[in-house]
Amino acid sequence: MATENRVATPSAIEELAVESSARPSFLGRFWAEARRYPLFPIVLLLVVLVIPAIFSDIIAPHSATTGSLSARLQPPFWMEGGDTNHLLGTDRVGRDILSRIMHGARVSVTIAAVAIFIAGVLGTSLGIIAGYWGGWVDALVMRLVDISLSIPIILLALVIVAATQPSILNVIVVLVLLMWSRYARLVRGETLAVRVQDFISRAQVAGSSHRRIMFRHVFPNVFNSVIVLATLNVGFVIVLEATLSFLAVGIPPPQPAWGLMVADGRVLIASAQGWWVSLFPGLAIMLVVLCMNLLGDWLRDRLDPKQRQV
Amino acid sequence: MVKPTIITVMVAALLLAIGIACGGTTDEPSAPASGQTTEQQQTGSAPAATEAPAQPATPIPTVIATATPSPTNTPSAAQETAALGGRLRIATIPPVQQLVGSWLGTTTSANTQVRPFTDPLVHTDRFDGSLVPGLATEWEANEDGTQWTFHLRDDVNFHDGTPFTANDVPHSASLIIREDAIATDTGLFRGLFGDDEAELLSNIVALDDSTVQFNLKTPNSLMDFFAGAQQGNLFMYSKAQYDDGGIEAYENPTGVGPWQFVERTIDVNLLYSRNADHYRRSPFFEEMEYVLIPEETTRLAQLTTGQVQIGEISRELHTDAQGQNLAVLQSELPSIQVAFIIGGVYNPEEAGPCKQEGFEDCFYQEGDPHLNPMVREAINRAINREEINTELFGGIGRQHTVWGYHPALPGYNPRWTEEFDEKYGYDPDRARQLLEESGYAGYDLTLLLTELPGVPEMIPMGEAAFSYLSAVGINVTTQPIKWSDYRAKYYRPGKTHGTLAATRGTYRPADITLRFYNRSGDAGFWRTSVDPMTDVLYDKATQSVDPEVKAKALSDLGDLKFDLYSEVPIVWLPAQIVVNPAEIGEMAWPGNINASFTHTEYITPAQ
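Residues numbered from 1 in each chain as written. Chains lettered and ligands numbered in written order. Predicted model: local features only at pLDDT ≥ 70, side-chain atom pairs only at ≥ 80, totals over all residues. Heavy atoms only, no water.

**Notes on the domain arrangement of chain B**
Residue and element names in this part refer to chain B.
Line of reasoning, step 1. Here chain B is described as being made up of domain 1 (18-333 + 575-602) and domain 2 (336-573).
Line of reasoning, step 2. Contacts between the two partners involve 31 residues from domain 1, matched on the other side by 25 residues from domain 2.
Line of reasoning, step 3. Surface buried jointly by domain 1 and domain 2 totals about 2300 Å² across both partners, of which 62% is contributed by carbon and sulfur atoms.
Line of reasoning, step 4. Of all residues in domain 1, Ser221, Leu222 and Arg315 give up the largest surface area on contact with domain 2, accounting jointly for 24% of the area buried on that side.
Line of reasoning, step 5. Counting every contact that joins domain 1 to domain 2 gives 1 salt bridge.
Line of reasoning, step 6. Summed over the shared surface of domain 1 and domain 2, the result is 4 residue pairs in polar contact (both at pLDDT 80 or more).
Line of reasoning, step 7. Among the elements of the structure, α8 (223-227) and β17 (567-579) are those that each provide at least two residues to the side of domain 1 that touches domain 2.
Line of reasoning, step 8. When grouped by side-chain class, the residues that make up the side of domain 1 that touches domain 2 number 14 nonpolar, 13 polar and 4 charged. (Domains from an automatic or database assignment. Contact = heavy atoms within 4.5 Å. Buried area = accessible area lost by both parts, 1.4 Å probe. Salt bridge = Lys/Arg side-chain N within 4 Å of Asp/Glu carboxyl O. Polar contact = N/O pair within 3.5 Å; in protein donor to acceptor, adjacent residues only side chain to side chain. Helix = DSSP H or I, 4+ residues; strand = E, 2+ residues; numbered from the N terminus. Nonpolar A, V, L, I, M, F, W, Y, C, P; charged D, E, K, R; others polar.)

Dropping the structure here:
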């Protein structure tokens, strides 16, 4: 076999010089760094969900709840009959769809944040208690989890609404009842693995109370998993809230909720005169859920290497 | 990290959505359907339709004796030459109650499902909506309206071959007051004829095989109307079938209608076959099937693909339907009146503890903003009726001045038409001023959003009202609610304070509507009463068979309602239906029967 000639020739030296002079620019380095993060979903979430949710009162061009019938079913601005006053058109009672999507983002974010926080705190607490104590406490919590997971969510929502009325509070209650068990089950499993670690035994020997062990030693070790689950749950919550609103057991009209907006236009979905009423809120739901799932996947990869192997 | 392929998919989805959106601009309506003029399509009028008669309907005389059939029910030229069609398939919304027993649901449910296979005593003309002979050839009332006598045909058989006789009439009436009955007329019949079957049978008597007499506990001038089942449940069922098989026999009922009941599958369909020997009109199709389809777009798709010939399609999709060579037909008469009912306006005599257990402080309450006529006027002034009619109803609506009253029905006062714009015209500034002057500026109002059959625009109309009322400073909150819940939680127990609710009624004598909405006490449902004279005038109107006395009392009552802003009348609408003109020839129905459409036996196939 012939030996490769490794002697530096003038041409090779020139190439090296070119390479060294072509070091990445600031933008190039920024891009290379940025590619390590899920920029696309983050930016899209900021544009579609976060900024509208926070600033909808300022940036929304029109009222979200009132409109003028004379402006009813105006198409988006690029279509004949549309104008830039209503960029995404108007709905069946003349309300601006863009403004309703912006205000609807606030409703979605509020519901998702509150429901996930309550369900997360409740489920994590019960999961740690069940996993740490074991025995009848574990059995009791797990049976409650089984019961929770066996409840048909739509049926539960219908029952609650039949007993009361559609409202944001009802939606949150339904979502919490549905989701707490997911956190409890996940955290209980993680706790079972953590509690047999040496540092837990040492803490016990050192005289730490059970409460201190659970929340100073166990909780930090399951927190990453909870964050990943919460992130993945945001998309789920938004879809479920939209589903409940679509079925008229969620957010009451005329409040802007994306699911309600999709339902409002379903009669016209195949019509040339109003397909946009459902399309744009539907698109908002799709994009947000997709982005949240991508973000959740990325977080899982970063925070929870064990689950990445699954 | 996000993979490039995922980004590509998302961008492609976005572009696809925008592409779909842009594609909508090319979806122009195609040429008009064969045989339909463009004008007809734009106005939604039927090929053979005539305008609603402007003249007042015939007042109810003390004695009615019509021995000859109405000429308008004789076959038209198209019907004379029509060939027999196969199966007439109609895509319809599943009724609220799916039934074959008329006592098991509302009049709308009964008129849709029962009316095809069995008749009421009195028929309704398909063009002018008047009461004409059917099973009863003539009928009369005594002077004080407490006794009504109906003379029946003696040549009618049920579909199973047994003869129809006067004995079937009290039996059919007794079904409506059964313990399990939830018919619209259950309460009415108990009040008129007795709370139990024995009492009812002592008051409704077969004098012979072809004469039946109704002895009423209280005078009533509308017994022929109830016998016509326009808004009621009195359809004829076979006593012989009941005697043989009990109430279960009515799972497969026989009848005296133009169609014979064949079978039904809940949530799927109802099937009828042609009665070739009907005394009035044998159908022009061998069979008729109601295909029950809840989804609007699916019903339209069934029509456009030829799977059904007739479909209930909401007005919002009529332009799309017409663009696909379908035709929109409308009823001969105005069919539906639409209004908002102002809650909390109760008769002062109903003050005090609620009569129904579990409720307190209901009915009349001092200080309720809605008791103030200025507030009621403000609500009326805030609503832009013209915009609602133009934008939501496509301009087909006609002026509605007083809830319950139509210019062609007895009791209407032309003054209401003349003064309507002046007293009720859209004037938000005046509305604000009225609220300020009354001291109720910014008061809290709950707008109840309900869906009701025949008016799919109810929710958008409610949401539009939210905008109108908010614009004049009223603090409006909305509450979606099912009609049954509204009935149970609000207006039956007298808890409508501070509410405003959209509702619909049909084209019927005013006293029928007023009974539901304005009469206080147990006789009424809604009990909206702007003046204690309401009850006095109502009773005077309903208990007199003298047409002049009756019309005067109704007119006086209407004056009270008009001048004191009792409700928020919005519009009168015709009933509308979409048909495939390539398969349907002639179709006409009056619209004053509580159903989307009726008189299916007169529908002819296209030639």
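**What about helix α19 (residues 533-542) of chain B?**
Line of reasoning, step 1. If you check which residues of α19 of chain B are buried, you get Thr534, Asp535, Leu537, Tyr538, Ala541 and Thr542 of chain B.
Line of reasoning, step 2. Residues of α19 of chain B that are buried sit in contact with α18 (510-517) and α20 (547-563) of chain B. (Buried < 20%, exposed > 50% of the residue type's maximum accessible area, 1.4 Å probe, protein only.)

**Section: the interface of chain B and chain A**
Line of reasoning, step 1. Counting residues at the interface gives 38 residues for chain B and 42 residues for chain A.
Line of reasoning, step 2. Taken together, the two surfaces of chain B and chain A that pack against each other cover about 3400 Å², and 65% of this comes from carbon and sulfur.
Line of reasoning, step 3. In this structure, the connection of chain B to chain A is made through 3 salt bridges.
Line of reasoning, step 4. A salt bridge links Glu463 of chain B to Arg95 of chain A; the shortest N-O distance between them is 2.8 Å.
Line of reasoning, step 5. The tally of links between chain B and chain A comes to 10 residue pairs in polar contact (both at pLDDT 80 or more).

**Considerations on the nonpolar core**
Proteins that are soluble and globular tend to have nonpolar side chains buried together.
Residues and elements named next belong to chain A.
Line of reasoning, step 1. The biggest cluster of nonpolar side chains holds 91 residues, and the ones touching the most others in it are Met179 and Trp258.
Line of reasoning, step 2. Ranked by the residues each element gives to this core, the list is headed by helix α4 (residues 97-133), at 14 residues.
Line of reasoning, step 3. Leaving out residues up to four positions away in the same chain, Met179 has contacts with Ala115, Ile116, Ala119, Asn233, Phe236 and Val237. (Core = buried A, V, L, I, M, F, W, Y, C linked by side-chain atoms within 4.5 Å.)

**Quick look at the sheet that holds strand β9 (residues 259-265) of chain B**
Residues and elements named next belong to chain B.
Line of reasoning, step 1. Sheet architecture is open: 10 strands sit in the order β9-β10-β11-β2-β12-β17-β13-β16-β14-β15, paired in mixed fashion. Strands at the two margins of the open sheet, each flanked by one partner only, are β9 and β15 (475-480).
Line of reasoning, step 2. The pairing of strand β14 (residues 444-449) with strand β16 (residues 499-506) spans 3 bridges and is classified as parallel. Considered in β16, the bridge of Leu448 is made with Ala501.
Line of reasoning, step 3. Along the sheet, helix α17 (residues 483-491) makes contact with β14, β15 and β16, crossing β16 at roughly 120 degrees. (Pairing = 2+ DSSP bridges. Axes fitted to C-alpha atoms, helices over the stretch in contact; angles between N-to-C directions.)

**Focus: the packing of aromatic side chains**
Line of reasoning, step 1. Enumeration according to the criterion identifies 36 aromatic pairs over all chains in this entry.
Line of reasoning, step 2. Residues Phe225 of chain B and Phe226 of chain B carry aromatic rings whose centres are separated by 6.1 Å and whose planes lie at 70 degrees to one another, so their mutual orientation is edge-to-face.
Line of reasoning, step 3. Judged by relative accessible area, which is 4%, Phe225 of chain B ranks as buried.
Line of reasoning, step 4. When its relative accessible area of 6% is taken as the criterion, Phe226 of chain B is described as buried.
Line of reasoning, step 5. Taking 4.6 Å as the distance between ring centres and 10 degrees as the angle between the ring planes, the aromatic pair formed by Tyr491 of chain B and Trp526 of chain B counts as stacked. Of this pair, Tyr491 of chain B sits in helix α17 while Trp526 of chain B sits in the loop between α18 and α19, placing them 35 residues apart in sequence. Of the two residues, Tyr491 of chain B and Trp526 of chain B, both sit in the buried class.
Line of reasoning, step 6. An aromatic cluster is built from Trp103, Phe117, Tyr237, Tyr242, Tyr250, Phe261, Tyr272, Tyr290 and Phe597 of chain B, whose rings are joined through pairwise contacts.
Line of reasoning, step 7. Over the ring of Phe236 of chain A we find Arg182 of chain A; its NZ or CZ atom is 4.3 Å from the centre of that ring. (Phe/Tyr/Trp six-rings, centres within 6.5 Å; stacked < 30°, edge-to-face > 60°. Lys NZ or Arg CZ within 6 Å of the ring centre and 35° of its normal.)

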